[in-house]
Amino acid sequence: MDTEDLELSDEEEEITADVVLKTIQNLWQNERLSPEILPHRNDMIECMLGQIQHMERNINKLPKTDLRASIHKMELNRIKYIICNYLKTRLDKIEKYCITIVNDEKQRTESGTNYLTPSEFRYAQEYLLSIEHHLKETILNRVPGNMQAFEINKMAIVPALQSHVFLKANETVNGIVLEDHFGDQDEEIDLEEGSQHILQYKFIADLVKNGKVQLV
């Protein structure tokens, strides 16, 4: 990858391609390892896709026998895989937790803290409608009228936020409270920069989203 400056239009900030790639790799890793869907960073994805197109044009200018062309193509394929798998992981979560995600996203839309891109939210809503339609056509319409009452929210699957995750502290974080479910003795811990831990996700969820810790 070359390190020419890239512009993020929303923030009018110049960053290097290496920084964008590193950010996307961290986003991908967090998304794969977190039980819930995380806030999207479509700005970074769009920025890297533009860089990929730029690099492909440069590669096409090189002679086919140039070793650099083969090396850059392998690197581009790796980056494309990361982006595709990142987006696929998000779609898998949308389908699995569709009801919960749609309900939560509607509330977040009111406060302007959307986790989904507009296209992801549209897909989630359409996917939910297809589930409702399928259930009505295959089951509800074939049973007596007094049995056709249907509450979609009762079918909601909720992400297991209490599951344990491995994490690495990107910076020192003090005063993390770990709730004690077997008594009233809550524990407070500090995370030293570079230290690694195994904790329940729900206690560090906000730290993952603001980049203070990295799932590993």
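Everything below is about the structure shown above.
The structure displayed is predicted, hence computed values, not measured ones.

## Some thoughts on the overall build of the protein
Along the backbone of the protein there are 6 helices and 7 strands. Overall, the protein shows an N-to-C arrangement of helices and strands of β-β-α-α-α-α-α-β-β-β-β-α-β. By the compact-globule yardstick of 17 Å for 216 residues, the protein is too spread out, its C-alpha radius of gyration being 22 Å. With the C-alpha coordinates of the protein rotated into their principal frame, the extents come out at 70 × 50 × 30 Å. Classification of the 216 residues of the protein by burial places 35% in the buried group. Counting only contacts in the protein whose residues sit at least 6 apart along the sequence, the fraction spanning at least 24 positions is 63%. Surface accessibility of the protein: about 13,600 Å² in total, with carbon and sulfur atoms responsible for 50%. Considering the protein, the positive charge centre built from 24 side chains and the negative charge centre built from 38 side chains are found 9 Å apart.

## As for the packing of helix 4 (residues 98-111) against helix 5 (residues 118-138)
Packing of helix 4 against helix 5 leaves a shortest axis separation of 10 Å and a crossing angle of 135°. Overall, the two elements helix 4 and helix 5 adopt an arrangement that is oblique. Between helix 4 and helix 5 lies a crossing of left-handed hand. Between helix 4, through Cys98, Ile99, Val102, Glu105, Lys106 and Thr109, and helix 5, the contact on the second element is made entirely by Phe121, Ala124, Gln125, Tyr127 and Leu128. Class assignment of the residues belonging to the contact of helix 4 with helix 5 gives a composition of 7 nonpolar, 2 polar and 2 charged.

## Digging into the sheet that holds strand 6 (residues 196-200)
The 3 strands are arranged 6-3-7 in an open sheet whose pairing can be described as antiparallel. Edge positions in the open sheet fall to strand 6 and strand 7 (213-215), since each of these has one partner strand only. The average undirected angle you get between the axes of adjacent strands in this sheet is 40°. In the packing of helix 1 (residues 17-33) onto the sheet, the strands contacted are strand 3 (164-169) and strand 7, and the crossing angle to strand 7 comes to about 65°.

## Concerning the packing of aromatic side chains
The description of an aromatic ring pair rests on the distance of the ring centres and on the angle between the ring planes. Throughout the structure, instances matching the rule amount to 2 aromatic pairs. Taking 6.2 Å as the distance between ring centres and 85° as the angle between the ring planes, the aromatic pair formed by Trp28 and Tyr81 counts as edge-to-face. One end of the pair, Trp28, is in helix 1; the other, Tyr81, is in helix 3 (residues 67-96), and 53 residues separate them in sequence. In this arrangement the basic side chain of Arg32 is found over the ring face of Trp28, its NZ or CZ atom lying 5.2 Å from the centre. In this arrangement the basic side chain of Arg108 is found over the ring face of Tyr115, its NZ or CZ atom lying 3.8 Å from the centre.

Conventions we followed
- Residues numbered from 1 in each chain as written.
- Predicted model: local features only at pLDDT ≥ 70, side-chain atom pairs only at ≥ 80, totals over all residues.
- Heavy atoms only, no water.
- Helix = DSSP H or I, 4+ residues; strand = E, 2+ residues; numbered from the N terminus.
- Rg over C-alpha atoms; globule rule 2.2 N^0.38 Å.
- Buried < 20%, exposed > 50% of the residue type's maximum accessible area, 1.4 Å probe, protein only.
- Contact = heavy atoms within 4.5 Å.
- Areas by Shrake-Rupley, 256 points an atom, 1.4 Å probe, with all protein chains shown as cover.
- Lys, Arg positive; Asp, Glu negative; His and termini not counted.
- Charge placed at Lys NZ, Arg CZ, Asp CG, Glu CD.
- Axes fitted to C-alpha atoms, helices over the stretch in contact; angles between N-to-C directions.
- Parallel < 35°, antiparallel > 145°, perpendicular 65-115°, else oblique.
- Left-handed = near helix turned anticlockwise from the far one by under 90°.
- Nonpolar A, V, L, I, M, F, W, Y, C, P; charged D, E, K, R; others polar.
- Pairing = 2+ DSSP bridges.
- Phe/Tyr/Trp six-rings, centres within 6.5 Å; stacked < 30°, edge-to-face > 60°.
- Lys NZ or Arg CZ within 6 Å of the ring centre and 35° of its normal.

Such coordinate-based values are descriptive only and should not be taken to indicate function.
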